[in-house]
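Notes for the structure review
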Amino acid sequence: MLTPHETASLIVKALDNKKAQELKLLKTEKITILADYFVICTAGSTTQLKALSDEVEKVIKESSGEAPLRREGHRISDWVLIDFGSVIVHLFLQEAREFYSLERLWADAEEIDVGVM
């Protein structure tokens with residue numbers, strides 16, 4: 001079983017390898033019981049959105065044997081949420097990301113530098 005930090009790190013690396021844009025990792029454990037980390041990124045197209053989603057699930061399944069607890073928006077195609085319990089992944093198309101502005105909503109969260117992961 002992976003720690004929340006290990007899970008978040010694997011997800012960030014997987015998204016970066018698939019060229020996710022505006023990749024952010026927020027440490028939320030001190031401000032909400034929803035999750036320890038939120039991973040947020042933007043996809044350039046619906047095709048990339050699906051590729052990012054598939055890659056995240058594949059990497060976590062291969063590393064821990066765990067499937068997501070919940071997946072939302074897989075068919076809607078402008079925002080996909082993948083819930084791994086301690087880590088929630090938000091994959092957006094640009095317009096949806098701007099509309100929902102999760103970074104503003106969770107502005108009190110600590111932003112982790114994804115460049116050091």
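Here, every reference points to the structure presented above.
These notes cover the structure that comes with them. Quick caveat: nothing in here was measured; it's all calculated off a predicted structure. (Residues numbered from 1 in each chain as written. Predicted model: local features only at pLDDT ≥ 70, side-chain atom pairs only at ≥ 80, totals over all residues. Heavy atoms only, no water.)

**With respect to the pairing of strand β1 (residues 21-27)**
- Across five bridges, β1 lies against strand β2 (residues 37-43) in antiparallel orientation. Directly across from leucine 26, in β2, lies its bridge partner phenylalanine 38. (Pairing = 2+ DSSP bridges. Helix = DSSP H or I, 4+ residues; strand = E, 2+ residues; numbered from the N terminus.)

**Some thoughts on a negative patch on the surface**
- A contiguous patch of negative charge on the surface is contributed by Glu22, Asp78, Glu95 and Glu98.
- On the basis of relative accessible area, glutamate 95 is assigned to the exposed category, the value being 69%. (Patch = residues over 30% accessible without salt bridge, like charges linked within 9 Å, V, L, I, M, F, W, Y side chains within 5 Å. Areas by Shrake-Rupley, 256 points an atom, 1.4 Å probe, with all protein chains shown as cover. Salt bridge = Lys/Arg side-chain N within 4 Å of Asp/Glu carboxyl O. Lys, Arg positive; Asp, Glu negative; His and termini not counted. Charge placed at Lys NZ, Arg CZ, Asp CG, Glu CD. Buried < 20%, exposed > 50% of the residue type's maximum accessible area, 1.4 Å probe, protein only.)

**Structural notes on helix α1 (residues 4-17)**
- For α1, spanning 14 residues, the distance from its first C-alpha to its last is 20 Å, which sits close to the expected 20 Å at 1.5 Å a residue.
- Burial in α1 covers these residues: Thr7, Ala8, Ser9, Ile11, Val12, Ala14 and Leu15. (Expected span 1.5 Å × (residues − 1).)

**A closer look at the packing of aromatic side chains**
- All chains considered together, the criterion is met by five aromatic pairs.
- Residues tryptophan 79 and tyrosine 100 carry aromatic rings whose centres are separated by 4.4 Å and whose planes lie at 50° to one another, so their mutual orientation is tilted. In this pair, tryptophan 79 sits in strand β4 (residues 79-83) while tyrosine 100 sits in helix α3 (residues 94-100), placing the two residues 21 residues apart along the sequence.
- We classify tryptophan 79 as partly exposed; its relative accessible area is 21%.
- For tyrosine 100, a relative accessible area of 37% translates into the label partly exposed.
- These aromatic residues form a ring-pair network of at least three members: Trp79, Phe92, Phe99 and Tyr100. (Phe/Tyr/Trp six-rings, centres within 6.5 Å; stacked < 30°, edge-to-face > 60°.)

**With respect to the side chain of glutamate 57**
- When you line up the elements, glutamate 57 lands in helix α2 (residues 46-64).
- Taking the relative accessible area as the measure of exposure, glutamate 57 reaches 15% and is therefore buried.

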